[in-house]
Amino acid sequence: MKQSDRIIKRTIDIQRELTREGLTRRNLLRLGVLGAGSGMLLPIQGLSMRAAFAKGSDELSCPVPGVGIISPQVCVPWKHELRRLVEKQPIDVDKISWGNGGGAPGPDPIGTLTGGDSKVRLLKDFSHLKNATPYENLSHQGWGKGGALGGFAPKKYYEMRMVQGKWNWHDDLTHFRGDGNLAWAFDGVFPGPMFRVRYGEPYFVRIHNDLPPGPSQLGFGNPIISTHLHNMHSPSESDGGPLYYNYPGHYWDYHYPMVYAGVNQYGGIGDPREALGTLFYHDHKLDFTSQNVYAGVLGMCSVYDDLDSGDPTESTGLRLPCGEDFEYDVGLAIHDRQFDPEGTDFFPLTCFDGALGDMPTVNGTIWPRMTVKRRRYRFRLLNMGPSRFLWYFLRVGDASDNPTYLPLDIIANDGNLLPRAVRVQSMKSAVAERFDVVVDFSQFAPGTELYLVNRAEQTNGRGPTGALLPHRQAIEMMKIVVSDEMPADNSLPVYPGRPLRALPDTSQAISRTKLWRWDRANGEWAVNGEIFDRFSKPYEIPEGTAEKWTIMNGGGSWSHPVHIHYEEHRQLTYNGQRPTPLEASRKDVIRLDPNAEVNIYMRFRDYKGIYPMHCHNVLHEDHAMMAMWKIV
Amino acid sequence: MQRRDFLGLGLGALAASTPLRAASLPSGKPQSRLARRGYLPNIPLVTHEGERVHFYDDLIHGKTVMFNFFLVACSDGVCPVGIRNMRKAQDILGERMGRDIFFYSITLQPRTDTVPVLREYVKSFDIRPGWLFLTGGAEDIELLRRRQGFTDPDPEIDQDLTNHVAMARFGSDYLERWSSVALRSSPENLASSVMVL
């Protein structure tokens, strides 16, 4: 029997034993599933196994990791050094490819039904989208137009290609399979490249869709994509919403004016208090978002300005950690992945609840190790799901019954610098929430080991139970090893209460209140009783107004991270309570617990057009948990 | 389940734990990945025209499809709305229906929704060719329902026929693309779903 067949058989045998005998520690040890020097690890870290079995483990449509499906138990943790995201470089506009039938980058789309800018073909297939933005042909609102909003021609140009290739999640998995795993990747890397952009520097990205148009060789995914930069203040035609299809063989031109929200109200490039920071870009194609993001259509983007300066010398603005080539400004894209016993990617195509995986990954590697120097780092933590809720702790040393967790200094929530830094023991993160954390490793001796762990108990895709995993069952995601290098650190320390960025004032009166009640009936998600329909008339909002929105979770055991595009919101109350200091910031994701009711303050400013609001448990999103609104 | 099917699936625990004794026969066709993993079981069914078919081999393999679960005596009002929307989507799809796009509606009450009952239903909704209404063994249909995720985590709600899942699965077996759409959206929305695959 081949080595790989042996491993598959062993995995299946373990599974069968677990199912038949129930789960006791003695059984686990006897089966050799617990540690025991074999290099193999408990594949079911963190799950409350009794709970999983009690509910029944034969639901193939939503297999519980470690119960209904187990990834091959071959990957040695902390083997690979963390992959730093590739830094995206701008190029000369003359070098940008015109594709097949397209044209030079410009304010108006150039294309045909078989190539060039996808907008041309999209409007032929879906002519009602002519009314989606102020321009019938989906021209860029911010480029080559008059007025306060129209004159932001790009100062930088980028080109990116979405391609299919093989990805190495971990040497041991690739060796086991005899090959890498098929994936879809921007510029061939998973996650895609890190964009570092700046307010006042409008930029342009042409995204070529080079995916094969035929059968999805991954077994899931749709090669029609739409790339959304979450949560940039982008004109609708560049927002990458669910209806803006970028077809294989075509490209989509995105133009980002790089203005703060409030251009009409404050003039110039808007209100600097509305600055965004840690963003990410990902697929948003209607009905296939979760599959496409899982296939690899995702990347990160960091936004800078005078205050959050992105200065290698760390001598200007807030003097946050940066360094040469952003060495100390680190994007961490976290998601959990599931493989079948043969090592092929598994996606639960028939599950309406959500997808969980037993292999934690950071920046495209299973269980990476990060070596850090003895100085301050800024970590941009991104929970990419698809459905798992995280409860971040940074543990010093190995698991024990009484471990030390390092308090975390948070400087940004959903990419927005807080008014003052907040220190927490831990933070919860729904899918799509981001937290920027500054950690000072100079306090640790060389050789100290820390673990970024998740202690949110979650047994199915619907949401976390709300309980903390016991210390020893914390899900370890990344190991950090402190080296003996102590380079110069010109950044300023972050301490609790340190002033960062003032909040915008919310004195603008509310024009209207709106209730958005998310309900489940007959297995369908509905908003205010209405089913999402791509042809429905969106909820219209006059430009420049402020509204109070009540977001209500209509019941059941589901948790929903609700996300609204384009503008950040301010949380007024959560179940009647005022927000915590951490959540009194600007945000773009609302972590909606079962039966929760949240009031938010939001403004709708500057550019006009349609934008979505949806659940960011991306599997729910694909089951129509979405509504469209429109600035008019 | 046959041992052969057990090995063919990528998920070993399935055979050990599935309590249903369904009569899913080995497929005679080369299977898509979704089929190999057991999500498109090749169960025997009977069409409203009385023809015996197998789910994967005859209805799904190589085709672009939309299918849902329903019952004739639908007391929550969901089915007539859904069926009517599918009927209008059928018109929008025109000549493609029955050529490369196929609709299927499978009863959740096979004991009462027999072939003659389905034939009447088809007539009353004026269903055109390219759309089959199907009945069969209760255990077989239950297996398909569970594999396709048309379930509720609450066992009581799950067995309650007055509250069943009003989504339709759509996809292309050949292209290995699958998703779902709400039946109570609009006919245009349903038709668009299968057209943009």
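Numbers given to residues run from 1 along each chain, matching the order in which its sequence is written. Chain letters start at A and ligand numbers start at 1, both assigned in the order the entries are written. Only residues with pLDDT of 70 or above have their local features reported here, since the model is predicted, and side-chain atom pairs are shown and tallied only from 80 upward, although totals for entire chains, interfaces and linings are computed over all residues. Excluded from the side-chain calculation are hydrogens and water; included are all heavy atoms of the structure.

Colleague: For this particular structure, what's the right way to read the sheet that holds strand β26 (residues 545–553) of chain A?
Modeller: Strands in a sheet are paired, the pairing made by backbone hydrogen bonds, and the direction either parallel or antiparallel. Residue and element names in this part refer to chain A. Read from one edge of the open sheet, six strands run β24-β23-β26-β31-β28-β29, paired in mixed fashion. Of all strands in the sheet, those with a lone pairing partner are β24 (524–527) and β29 (586–587), marking the two edges. Sheet topology note: the β26/strand β31 (residues 597–604) ladder contains eight bridges and is antiparallel. Across the sheet, the residue bridging to Met552 is Glu597, located in β31. By definition, two strands form a pair when at least two bridges between them are found by DSSP. Strands are runs of DSSP state E lasting at least 2 residues, helices are runs of H or I lasting at least 4, and numbering of each runs from the N terminus.

Colleague: Just checking my understanding: could you explain the nonpolar core for this structure?
Modeller: General note: in soluble globular proteins, nonpolar side chains tend to be found buried as a group. The term nonpolar core refers to a set of buried residues drawn from Ala, Val, Leu, Ile, Met, Phe, Trp, Tyr and Cys, joined through side-chain atoms within 4.5 Å. Residue exposure (1.4 Å probe, protein chains only): buried if accessible area is under 20% of the type maximum, exposed if over 50%, otherwise partly exposed. One finds Tyr203 and Met232 of chain A together with Phe55 and Ile60 of chain B to be the most contacted residues of the largest nonpolar core, which totals 115 residues. Formed by 33 residues, the second largest nonpolar core is a distinct cluster that contains Val330, Val362, Val422 and Leu582 of chain A.

Colleague: Even after reading the chapter, I still don't get the state of the cysteines, so can you show me in this structure?
Modeller: Covalent bonding between the sulfur atoms of two cysteines is what defines a disulfide. All names here are of chain A. By convention in this document, the label disulfide applies to cysteine sulfur atom pairs within 2.5 Å. Applying the stated rule across the entire model yields one disulfide over all chains. Each sulfur of the disulfide joining Cys62 and Cys351 lies 1.9 Å from the other. Every disulfide takes its handedness from the sign of the S-S torsion; for Cys62 and Cys351 that torsion is 100°, giving right-handed. Of the two residues, Cys62 sits in the loop between α3 (49–55) and β1 (116–117) while Cys351 sits in the loop between β10 (329–337) and β11 (359–362), which places them 289 residues apart along the sequence. Accessibility expressed as a relative area gives 1% for Cys351, which makes it buried. You can see Cys301 has no disulfide; the closest cysteine sulfur is in Cys322, sitting 15 Å from it.

Colleague: Help me out: how do you make sense of the interface of chain A and chain B in this one?
Modeller: Reports of interface size often rely on the accessible area that becomes lost once the parts have come together. Working rule for contacts: check all heavy atoms of both residues, and any pair within 4.5 Å makes them a contact. With 53 residues of chain A at the contact, the number on the chain B side is 51 residues. For any pair of parts, buried area is found by adding up, for both, the accessible area (1.4 Å probe) each one loses once the two are put together. Between chain A and chain B, the buried area comes to about 4,100 Å², and carbon and sulfur atoms account for 55% of it. Of all residues in chain A, the largest losses of buried area upon contact with chain B belong to Leu60, Phe352 and Asn522 of chain A, amounting jointly to 18% of the total for that side. When a carboxyl oxygen of Asp or Glu lies within 4 Å of a side-chain nitrogen of Lys or Arg, that pair is called a salt bridge. Counting across the chain A and chain B interface gives three salt bridges. Of the charged contacts, one joins Arg37 of chain B and Asp340 of chain A as a salt bridge, the two residues approaching to 2.8 Å between their closest N and O atoms. Within 3.5 Å is the distance limit for a polar contact, defined as a pair of N or O atoms, with the added protein rule that one can donate a hydrogen and the other accept it, and that residues adjacent in sequence qualify only through two side-chain atoms. Connecting chain A to chain B are 18 residue pairs in polar contact (both at pLDDT 80 or more). It is helix α1 (residues 3–21) of chain A that provides the largest number of residues to the side of chain A that touches chain B, a total of four residues. In this classification, the charged set is Asp, Glu, Lys and Arg, the nonpolar set is Ala, Val, Leu, Ile, Met, Phe, Trp, Tyr, Cys and Pro, and all remaining amino acids, among them Gly, are polar. Each residue belonging to the side of chain A that touches chain B can be placed in one class, and the counts come to 24 nonpolar, 16 polar and 13 charged.

Colleague: Got a minute to help me understand the environment of His233 of chain A in this structure?
Modeller: All names here are of chain A. Mapped onto the fold, His233 is located in the loop between β6 (227–230) and β7 (250–256). Once the C-alpha coordinates of His233 and Ala275 are considered, the two residues, 42 residues apart in sequence, prove to be 9.6 Å apart. For His233, the side chain forms a polar contact with the main-chain oxygen of Tyr566, separated by 3.1 Å. A polar atom in the side chain of His233 sits 2.9 Å from the side chain of Asp606.

Colleague: Can you walk me through the pattern of salt bridges in this structure?
Modeller: Residue and element names in this part refer to chain A. Applying the stated criterion to the full structure yields 59 salt bridges over all chains. For the salt bridge of Glu274 with Arg586, the shortest nitrogen-to-oxygen distance reads 3.5 Å. In this pair, Glu274 sits in the loop between α6 (263–266) and β8 (278–283) while Arg586 sits in strand β29, placing the two residues 312 residues apart along the sequence. On the basis of relative accessible area, Glu274 is assigned to the buried category, the value being 6%. Judged by its relative accessible area of 2%, Arg586 is buried. Taken together, the shared-partner salt bridges in this structure form one network comprising Glu87, Arg196, Asp308, Asp329, Arg378, Arg380 and Asp436.

Colleague: Hey, could you run me through the sheet that holds strand β5 (residues 203–209) of chain A in this one?
Modeller: All names here are of chain A. The five strands are arranged β1-β7-β5-β2-β3 in an open sheet whose pairing can be described as mixed. Either end of the sheet is taken by a strand with one partner, and the two such strands are β1 and β3 (181–186). Where strand β2 (residues 156–167) lies against β3, six bridges are found, and the strand directions are antiparallel. Directly across from Met162, in β3, lies its bridge partner Phe186. The axes are straight lines fitted to the C-alpha atoms, using for helices just the contacting stretch, and the angles between their N-to-C directions are given from 0 to 180°. This element, helix α4 (residues 118–125), spans β1 and β7 of the sheet and lies at about 105° to β7.

Colleague: Looking at this model, I keep getting lost on the confidence of the model for chain A. Mind explaining?
Modeller: Interpretation of the predicted coordinates at a detailed level should be avoided for regions scoring low in pLDDT. When the pLDDT values of chain A are averaged, the result is 91; 91% of them are 70 or greater. Per residue, pLDDT captures the predictor's confidence, and it can take any value from 0 to 100. Here residues 21–58 of chain A scores under 50 on pLDDT; set against residues more than four positions off or in separate chains, the count is 73 contacts.

Colleague: Just to check I follow, could you spell out the side chain of Asp329 of chain A for this structure?
Modeller: Turning to its location among the elements, Asp329 of chain A is positioned in strand β10. Within the structure, Asp329 of chain A has its side chain in polar contact with the side chain of Tyr304 of chain A (distance 2.6 Å).

Colleague: What's the story with the packing of aromatic side chains in this structure? I'm lost.
Modeller: Two aromatic rings are characterised by how far apart their centres lie and by the angle between their planes. All names here are of chain A. Here a pair means two rings of Phe, Tyr or Trp (six-membered ring of Trp) with centres within 6.5 Å. Their orientation is stacked below 30 degrees between planes, edge-to-face above 60, and tilted elsewhere. Under the defined criterion, the tally for this structure stands at 50 aromatic pairs over all chains. Arranged with centres 6.5 Å apart and planes meeting at 70°, the rings of Trp169 and Phe339 form a pair that is edge-to-face. Taken together, the positions of Trp169 in the loop between β2 and α5 (171–177) and Phe339 in the loop between β10 and β11 put the pair 170 residues apart, joining distant regions of the chain. Exposure class is identical for Trp169 and Phe339. Each is buried. Taken together, the aromatic side chains of Tyr158, Phe186, Phe195, Tyr203, Tyr244, Trp252, Tyr254, Tyr256 and Tyr281 make up a single cluster linked through ring pairs. Sitting over a ring, as applied to charges here, requires NZ of Lys or CZ of Arg to be within 6 Å of the ring centre and within 35 degrees of the ring normal. Lying across the ring of Phe326, Arg196 places its NZ or CZ 4.1 Å from the centre.

Colleague: Whenever I open this one, the pairing of β11 of chain A confuses me. Can you help?
Modeller: On any regular strand, side chains alternate: one points to one face of the sheet, the next to the other face. Residues and elements named next belong to chain A. Side chains Met359 and Thr361 project from β11 onto one buried face, and the interleaved Pro360 and Val362 project onto a second face that is buried too. Across four bridges, β10 lies against β11 in antiparallel orientation. Bridging across to β11, Ile334 finds its partner in Val362. Here β11 runs beside strand β12 (residues 365–366); their pairing, made up of two bridges, is antiparallel. Looking at β12, one finds that Val362 is bridged to Thr365. In textbook terms, the turn of a hairpin is the stretch between consecutive antiparallel strands, and for β11 and β12 this stretch comprises two residues, one of which, Asn363, has a positive phi near 50°.

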